[in-house]
Amino acid sequence: MYYDKESIEVLLRLILELCGEDAVKVVKVLLNEAEANDDTLAEKSGMRLNQVRRVLYDLLDKQLVVYKRDVDKERGYYIYTWSLNREGLREIIRERKRLVLARLKERLQYEEQNMFFACPNGCIKRMTFDKAMEQQFKCPLCGSMLQNFDNSKILNKLRLKIESLERDLAHR
Ligand SMILES: [Zn+2]
């Protein structure tokens, strides 16, 4: 399984949020090894076996890893070989993108529905129409008349981001 650098960063951030630091250590090993059993994971992550197992069950519960089970014939017990759940990971990354998209749309709506004002001397970066009216359109710091703030660049940026995310999410 191959991940580019950016996906790995997104992935590790998500794992940290969802399952914590120990899970990040385990997932890093799985990214390098493709698959590994409990012992290898413990050794390579520098964690205790029971710690690793706890993390693995958490990851399994969240459908981020899969395992296959083999019998160790010599010793007569099961060996679990773990790997990352490609589908599961893809789904959480998509879920994250959908969340970001929803936030961007809210932000866009806010930018579209508001008029903004700013101080020409830069004391106040931006305030909404209502706030500016409360101040009688004067800067509360220097007393200059507030000027209309042009948010068209912000609007363009937001629209482009939204478009690109929507395109991305349309591809399965
Ligand atoms: Zn001012």
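Our subject in this report is the structure included herewith. (Residues numbered from 1 in each chain as written. Predicted model: local features only at pLDDT ≥ 70, side-chain atom pairs only at ≥ 80, totals over all residues. Heavy atoms only, no water.)

This brings us to the packing of helix α3 (residues 38-45) against helix α4 (residues 49-61). Packed helices, taken two at a time, are described by the angle their axes make and the gap between the axes. Close contact between α3 and α4 brings their axes to 9 Å; oriented N to C, the two are set at 110°. Taken together, the axes of α3 and α4 lie roughly perpendicular to each other. Of the residues in α4, those touching α3 at Asp38, Asp39, Leu41, Ala42 and Ser45 are Leu49, Val52, Arg53 and Leu56. (Axes fitted to C-alpha atoms, helices over the stretch in contact; angles between N-to-C directions. Helix = DSSP H or I, 4+ residues; strand = E, 2+ residues; numbered from the N terminus. Parallel < 35°, antiparallel > 145°, perpendicular 65-115°, else oblique. Contact = heavy atoms within 4.5 Å.)

Another aspect to go through is the packing of helix α2 (residues 21-33) against α3. Direction vectors running N to C along α2 and α3 enclose 110°, while the axes themselves pass 9 Å from each other. It follows that α2 is roughly perpendicular to α3 by the angle criterion. Where α2 crosses over α3, the two elements pack in a sense that is right-handed. Of α3, the residues touching α2 (which contributes Lys25, Val26, Val29, Leu30 and Glu33) are Leu41, Lys44 and Ser45. (Left-handed = near helix turned anticlockwise from the far one by under 90°.)

What follows is about the pattern of salt bridges. Here the structure, examined in full by the defined rule, presents 15 salt bridges. One salt bridge connects Glu91 with Arg98, and the closest N-O pair in it is separated by 2.8 Å. Given a relative accessible area of 33%, Arg98 falls into the partly exposed group. A salt bridge links Glu95 to Arg98, with the shortest nitrogen-to-oxygen separation between them at 3.1 Å. With Glu95 and Arg98 both in helix α5 (residues 86-113) and three residues apart, the pair spans about one turn of that helix. (Salt bridge = Lys/Arg side-chain N within 4 Å of Asp/Glu carboxyl O. Buried < 20%, exposed > 50% of the residue type's maximum accessible area, 1.4 Å probe, protein only.)

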